[in-house]
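Overview (structure and organization)
Listed here are the chains, written in short residue letters.
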Amino acid sequence: MKNSVTCAPQSWHFEYVLRLGDNALILGQRISEWCGHSPFVEEDVAMANTALDHIGRARMLLTHAGNLQGNKQTEDDLAYSRNEREFKNFLLCELPIGDFAYTIVRQVLLDTYHFHLYAALQKSSDDTLAAIAAKVVKESTYHLRHSSEWLIRLGDGTEESQRRAQLALDNQWRFTSEFFLADEVDDVAHQAGVGVDVSLLEKLWRDNVNDILSAACLLRPEDAPLRASGRMGLHTEHMGFLLAEMQSVQRAYPGLDW
Amino acid sequence: MEISSLEESRREAIFQARVDAEEKIEPKDWMPEAYRKNLIRQISQHGHSEVVGQLPEGNWITRAPTLRRKAVLLAKVQDEAGHGLYLYSATETLGIAREELMEQLLTGKAKYASIFNYPTLSWADVGAIGWLVDGAAIVNQISLCRTSYGPYARAMVRICKEESFHMRQGYEIMTVLARGSQEQKAMAQDALNRWWWPTLMMFGPHDADSAHSGSSMKWKIKRQSNDELRQKFVDQSVAQAQHLNLKIPDEKLKWNDERGHYDFGEIDWDEFTAVLGGAGPCNHERLEARRIAHEQGDWVRDAMFAHAEKQRQRDVRKTA
Ligand SMILES: [Fe+2]
Ligand SMILES: [Fe+2]
């Protein structure tokens, strides 16, 4: 299945990196909501640390995207001045944090994706992207260990924790179909050696997620198509509120230094 | 009876001699029960302050005006949670379990720093907290690096290393605002106006009115008095405010050549007592946030223990 996006020359490269940056930014923004509100203080530390990793990679990726455009926009221009329809993150990143099980399930699905994605991007012909990937894959290794260990504890814990984890998985699974819908940007990026082979990524992801789910005694839901796409800028109704909050100071006092 | 109380006072004399000789007291050492209780109260209160202290600044993480500020603030709040953990571990060495510490916080039996019962109303408040509240914490904590209880002193040394970054990032935020637009400058001044007096209250009552000071000083749990530390903080802050071109909200603030210190106005002790007693603007919200976090963690902790138990049984079966 292919979405059609017509790309001006080189704009695919900007778009490819921008999407990665938006995933990192929006997911980091969501995880940061846990600070001070986690089930225990150890998790407050872990959540802040994970959010920080994502914001850090968002900064590198958005700066790189801006450079690819010829320095027309900085990381902050891209984060704070775009509207909802211009953000290209996966919908899964923008969903509200839910309970601890909901957050852990989302982390497992995305950490697995990021781990395999950035492992492959280390070989990107875009040297900057390859260097960013080398740093990110180390973080993702750690994130995935943390989230998958938690999912196993929750799935193979009490009846209550298993019920919550399975429910969270059932509710979020449909959003993963978006991960592997390669469009023109992905195809061109892959051919140019900048991006990864999406079908290979999908296979690695599926095998890895299957292993984690069976270790966690959870049932993998049926695949379901989803007629919405963050990469097309078609978001959930949650996105507008997330941006309204994130951009509030910049929107109230435009053009100032902070 | 006679013998055991003789023995007790002999031990106390030896203990006091060690404290006087600046030896560190360690968890396995004998210590007077009152010393242990005093330490549990102080260290746990300190730990709770770090943990509750995540909340006012945490209120601005999602709205930080640049990605760099967001990253720095996340790093800072992460540090504070980490400080909470160091201090909880130090408290646990005195024979009290984490669950009981949590219970004391949530039932109001244990206190946390009252400063966190004030709201963060603008981005400048994040700057003011780093500059003033972390600044005041540093003054207090540097002094505590020499406290007599080994685990507490060592936790303080680790924490102090991280605190200077906290103060710097806050002062940097204030610097940008103070040199920015009219609105930004007004925001910075308003934050200073609101945080100045509550920060001075962080050092506690005057020495003459301080309930725990006497024995704390004798046992060298505290090394400097509330008023000494407060004076030190005022003295260092005046030049910093001048450098920002902001005005400290105290008409009585004036250099006293004779004392070699700044004189300053009297704290509103009614406000101090009221906020300590629960009437601050955010007392309810802060405790409620921690209570909800803890309660919503119940099923997670249950799952963790249940899973560990299942693992243990599987291991037993394997080795059997
Ligand atoms: Fe701290
Ligand atoms: Fe701090």
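Structure first, text after, so check above.
Let us look at the structure shown here. Keep in mind that what you see is a predicted model, and the values were worked out from it rather than measured. The numbers attached to residues start from 1 for each chain and follow its sequence in the written order. Just so you know, chain letters begin at A and ligand numbers begin at 1, following the order they were written in. In view of the model being predicted, local features appear only for residues whose pLDDT reaches at least 70, and side-chain atom pairs are presented and counted only at 80 or more, with totals across whole chains, interfaces and linings using the full set of residues. Based on all heavy atoms of the structure, the side-chain values leave hydrogens and waters out of the count.

**Observations regarding the coordination of the iron ion (ligand 2)**
Residues and elements named next belong to chain B. In this listing, donors mean N, O and S atoms no farther than 2.8 Å from the metal, or 3.2 Å for Na, K and Ca; water is missing from the atoms, so a site can look incomplete. At the metal site, the iron ion (ligand 2) is ligated by E80 (OE), D134 (OD), E163 (OE) and H166 (ND1), and these contacts range over 2.0 to 2.2 Å. In this structure, the iron ion (ligand 2) is surrounded by four donor atoms whose angles at the metal cover 85 to 170 degrees, and the resulting shape is irregular. Written as a sequence motif, the donor arrangement for the iron ion (ligand 2) is E-x53-D-x28-E-x2-H. A distance of 3.3 Å spans the gap from the iron ion (ligand 2) to the iron ion (ligand 1), which E80 bridges by coordinating each metal. Pair noted here: D134 is in helix α6 (residues 123–144) and E163 is in helix α7 (residues 150–178), with a separation of 29 residues, a long-range link. Of the two residues examined, D134 and E163, each falls in the buried class. Donor angles set the geometry label: tetrahedral for four donors if every angle is between 85 and 135 degrees, square planar for four and octahedral for six if opposite donors exceed 155 degrees and the others are between 65 and 115, irregular for anything else. Helical segments are the DSSP runs of H or I of at least four residues, strand segments are the runs of E of at least two, and each set is numbered from the N terminus. Partly exposed describes any residue whose relative accessible area lies between the buried limit of under 20% and the exposed limit of over 50%, with all areas from a 1.4 Å probe on protein chains only and scaled to the type maximum.

**Quick word on the coordination of the iron ion (ligand 1)**
All names here are of chain B. The protein atoms that coordinate the iron ion (ligand 1) are E50 (OE), E80 (OE), H83 (ND1) and E163 (OE), at distances spanning 2.1 to 2.2 Å. The coordination sphere of the iron ion (ligand 1) comprises four donor atoms, whose angles at the metal cover 81 to 157 degrees; the geometry is irregular. Sequence spacing of the donors to the iron ion (ligand 1): E-x29-E-x2-H-x79-E.

**Comments concerning the interface of chain A and chain B**
Here a residue-residue contact requires only that any non-hydrogen atoms of the pair lie within 4.5 Å. The interface is formed by 47 residues belonging to chain A together with 46 residues belonging to chain B. When two components associate, each loses some accessible surface as probed by a 1.4 Å sphere; the sum of these losses over both components is called the buried area. With both chains or domains summed, chain A and chain B bury close to 4,000 Å², and 67% of this area falls on carbon and sulfur atoms. When a carboxyl oxygen of Asp or Glu lies within 4 Å of a side-chain nitrogen of Lys or Arg, that pair is called a salt bridge. Between chain A and chain B we count four salt bridges in total. We note a salt bridge from R98 of chain B to E42 of chain A, for which the minimum N-O separation is 2.5 Å. Contacts described as polar in this section are N or O atom pairs within 3.5 Å, which, within protein, must combine one atom able to donate a hydrogen with one able to accept it, while residues neighboring in sequence count only if both atoms come from side chains. Our count for the chain A to chain B interface comes out at 19 residue pairs in polar contact (both at pLDDT 80 or more). Of all elements in the fold, only α1 (11–31), α2 (41–68), α3 (75–80), α5 (100–121), α6 (127–155), α7 (159–172), α10 (239–246) and α11 (248–252) of chain A reach the threshold of two or more residues within the side of chain A that touches chain B. By residue number, the principal contributor to the side of chain A that touches chain B is α2 of chain A, which donates 11 residues. Side-chain classes follow a simple rule in which Ala, Val, Leu, Ile, Met, Phe, Trp, Tyr, Cys and Pro form the nonpolar group, Asp, Glu, Lys and Arg form the charged group, and the remainder, Gly included, forms the polar group. Classifying every residue of the side of chain A that touches chain B gives 23 nonpolar, 11 polar and 13 charged.

**Things to note about the pattern of salt bridges**
Applying the stated criterion across every chain yields a total of 44 salt bridges over all chains. A salt bridge links R291 of chain B to E288 of chain B; the shortest N-O distance between them is 2.7 Å. Of this pair, R291 of chain B and E288 of chain B both sit in helix α12 (residues 283–296), three residues apart, which is roughly one turn of the helix. On the accessibility criterion, R291 of chain B (28% relative accessible area) is partly exposed. Through salt bridges that share partners, E15, R19, K88, D183, D186 and R231 of chain A make up one connected network.

Just distances and angles here, no functional claims.
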